[in-house]
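Spelled out, the chains give:
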Amino acid sequence: KGFDFWTAIAGAGASVRKYVGSSSVSSNIDAAFFPLDNTTTASFTNHEAYLLFVRGDRTVSSGYTVGSTLLRPKGPLKQETAYAIPVSVSQSHTLIGNPYASPLNFQKLYADNSDKIQPWYWTWQASLGSGVGGYVLMLPNGEGGYEPVPSDGTAGTTQPVIGSGEGFFVVPAPGALPGNTIQLKE
């Protein structure tokens with residue numbers, strides 16, 4: 001199935017998961033990440049983002065032990081001028097992946113798509129909580145930058161940068177029409 005053998009994966013506990021949004025625009029209650037059945041037939045070229053759970057190097061075999069590891073991307077470099085990414089108006093959030101080797105500036109992304117998405121977004125921050133991580137909402141602060149919620153403890157304006165390969169959640173703009181598509185530009 002394209003996975004290293006591991007009992008939890010054989011039992012549908014795959015460490016690669018796909019986000020399926022809520023069918024309710026006003027609630028995200030039934031949204032969840034679901035395990036991929038396999039990685040041999042899944043199309044990873046559609047610019048979707050996936051949750052990838054990495055516990056460490058290959059010496060980690062059970063429990064909550066973690067180890068350090070190095071991940072390297074593989075495949076053709078994405079160099080398209082723009083990608084059309086659907087942002088569903090029938091679900092509360094859409095997860096988008098940055099397909100570029102360079103970071104994205106969310107302010108520029110929003111400026112190009114302000115009639116299609118809200119001016120805020122969410123990312124995952126692994127350092128939140130007790131090492132388990134959590135979502136950070138990036139809100140425009142009215143001073144040309146963004147403020148993370150919860151705060152990362154630094155004062156001042158944060159630039160809204162989405163790293164290479166990083167996923168982020170967006171919300172459709174009020175009045176966006178079915179077939180809502182944003183342009184993600186390099």
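Structure's up top.
Residue positions are given per chain, counting from 1 as you read along its sequence in written order. Side-chain atom pairs in this predicted model are given and counted only at pLDDT of 80 or more, local residue features only at pLDDT of at least 70, and totals for whole chains, interfaces and linings cover all residues. The side-chain figures draw on all heavy atoms in the structure; neither hydrogens nor water molecules are used.

Asker: Please clarify how the packing of aromatic side chains should be interpreted in this entry.
Answerer: Note on aromatic pairs: each is described by the distance of the centres and the angle between the planes. Centres within 6.5 Å are what make two rings of Phe, Tyr or Trp a pair, Trp counting through its six-membered ring; a difference in plane orientation under 30 degrees is then read as stacked, over 60 as edge-to-face, and the rest as tilted. This structure, assessed with the given rule, holds 10 aromatic pairs. Centroid distance F106 to Y121: 4.4 Å. Interplanar angle 35 degrees. Geometry classified as tilted. Note that F106 is positioned in helix α2 (residues 106–112) and Y121 in strand β7 (residues 121–125), a separation of 15 residues in sequence. Both residues of the pair, F106 and Y121, count as buried. On the basis of an interplanar angle of 70 degrees and a centroid distance of 5.7 Å, the ring pair of Y135 and F169 is categorised as edge-to-face. One end of the pair, Y135, is in strand β8 (residues 134–140); the other, F169, is in strand β11 (residues 167–170), and 34 residues separate them in sequence. Exposure is judged per residue with a 1.4 Å probe applied to protein chains only, and the accessible area is read against the type maximum: over 50% gives exposed, under 20% gives buried, and values in between give partly exposed. Its relative accessible area of 38% is what places Y135 among the partly exposed residues. On the basis of relative accessibility, which here comes to 7%, the residue F169 falls in the buried class. Each residue in the set Y19, F33, W124, Y135 and F169 is aromatic and connected to the rest through ring pairs, giving one cluster. Secondary structure is summarised from DSSP: a helix means a run of H or I of at least four residues, a strand means a run of E of at least two, and numbering begins at the N terminus for each.

By themselves, these observations are geometric and do not establish any function.
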